[in-house]
Amino acid sequence: MADKEVLLTPEGLQKLEDELEHLKSVKRREVAERIKLAISYGDISENSEYEDAKNEQAFIEGRIMTLEKMLRNARIIQEDDVQTDSVSIGSTVLLRDLEFNEDVEYTIVGSAEADPASNKISNESPVGRALLGQSVGSTVDVAVPAGSLQFQILNIKR
């Protein structure tokens, strides 16, 4: 089975590369030092510092493998690839919530970059999926667990 393509903006790519570099160059070394220190305490069979450090080491190595796989399967969405006539990955979309008559702006990104607190939503999320391919002036119904949301697209930009 082929690995899933990971869609990233240049900013998202840089963020993942920085995290990978930090894990490899800083965190690995820190955990190795913690393990070395814990071993120096003697019997490791009942050494909680050793167990904790080994667990952290396993987590870091797992995260490194995940990041490397994501970067191998990355497809970078360049700003020039983003259209302004319809919503696509990389688009920043100004929406009006028709129920509350409030405006909200979302940037559509790949799932690896999604950060709802920063208004970056995944193309795989219910709202992101509903917006893809829509144009300015369209009204979009989004099925969510609590019912349905309705948005009108006011603007699309890069």
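Residues numbered from 1 in each chain as written. Predicted model: local features only at pLDDT ≥ 70, side-chain atom pairs only at ≥ 80, totals over all residues. Heavy atoms only, no water.

S.K.: Would you mind going over the overall build of the chain with me for this structure?
M.R.: Check the secondary structure of the chain and you find three helices and seven strands. Relative to the compact-globule value of 15 Å for 158 residues, the chain shows a C-alpha radius of gyration of 21 Å, a clear excess of over 25%. For the chain, the C-alpha atoms occupy an extent of roughly 70 × 35 × 30 Å along the three principal directions. The buried share of the chain, reckoned over its 158 residues, is 30%. (Helix = DSSP H or I, 4+ residues; strand = E, 2+ residues; numbered from the N terminus. Rg over C-alpha atoms; globule rule 2.2 N^0.38 Å. Buried < 20%, exposed > 50% of the residue type's maximum accessible area, 1.4 Å probe, protein only.)

S.K.: What is the right way to look at the sheet that holds strand β6 (residues 139–144) in this model?
M.R.: Neighbouring strands of a sheet are bound in pairs by backbone hydrogen bonds; such pairs are parallel or else antiparallel. If you trace the five strands from one edge of the open sheet to the other, you get β5-β4-β3-β7-β6, paired in mixed fashion. Every interior strand has two partners, whereas the edge strands, β5 (120–122) and β6, have only one. Put simply, the sheet's adjacent strands are angled 45° from each other on average, direction ignored. Across six bridges, β6 lies against strand β7 (residues 147–157) in antiparallel orientation. For Ala 143, the partnering residue across the bridge sits in β7 and is Ser 148. (Pairing = 2+ DSSP bridges. Axes fitted to C-alpha atoms, helices over the stretch in contact; angles between N-to-C directions.)

S.K.: How should I be thinking about the side chain of Ser 122 in this particular structure?
M.R.: With respect to the element layout, Ser 122 can be found in strand β5. The exposure class of Ser 122 is buried, given its relative accessible area of 10%. At 2.8 Å, the side chain of Ser 122 and the backbone nitrogen of Glu 124 are in polar contact. Filtering out sequence-adjacent residues up to four positions away, Ser 122 remains in contact with Val 109, Gly 110, Ser 111, Ala 114 and Gly 128. (Polar contact = N/O pair within 3.5 Å; in protein donor to acceptor, adjacent residues only side chain to side chain. Contact = heavy atoms within 4.5 Å.)

S.K.: Looking at this structure, how should I read helix α1 (residues 10–40)?
M.R.: It helps to recall that an α-helix has 3.6 residues per turn; residues three or four apart then point in one direction. In this model, α1 (31 residues) spans 44 Å end to end at C-alpha, consistent with the 45 Å of a helix rising 1.5 Å per residue. Its axis deflected by about 35° at Leu 23, α1 carries its strongest bend there. Turning to α1, its buried residues are Gly 12, Leu 16, Leu 20, Leu 23, Val 31, Ile 35 and Ala 38. The inward-facing, buried residues of α1 abut β1 (6–8) and α2 (48–72). (Expected span 1.5 Å × (residues − 1). Bend = angle between axes of the 7 residues up to and from the residue.)

S.K.: How should I be thinking about the packing of α1 against α2 in this particular structure?
M.R.: Packed helices, taken two at a time, are described by the angle their axes make and the gap between the axes. Relative to each other, α1 and α2 sit at 160°, their axes nearing to 9 Å. With respect to each other, α1 and α2 are oriented roughly antiparallel. The way α1 lies across α2 gives a crossing that is left-handed. Tallied by class, residues from the contact of α1 with α2 come to 15 nonpolar, one polar and 13 charged. (Parallel < 35°, antiparallel > 145°, perpendicular 65-115°, else oblique. Left-handed = near helix turned anticlockwise from the far one by under 90°. Nonpolar A, V, L, I, M, F, W, Y, C, P; charged D, E, K, R; others polar.)

S.K.: What is the right way to read the pairing of β7 from this model?
M.R.: As judged from the six bridges shared by strand β3 (residues 92–97) and β7, these two strands associate in the antiparallel manner. If you follow Asp 97 over to β7, its bridge partner there is Phe 151. The hairpin formed by β6 and β7 contains two residues between the paired strands.

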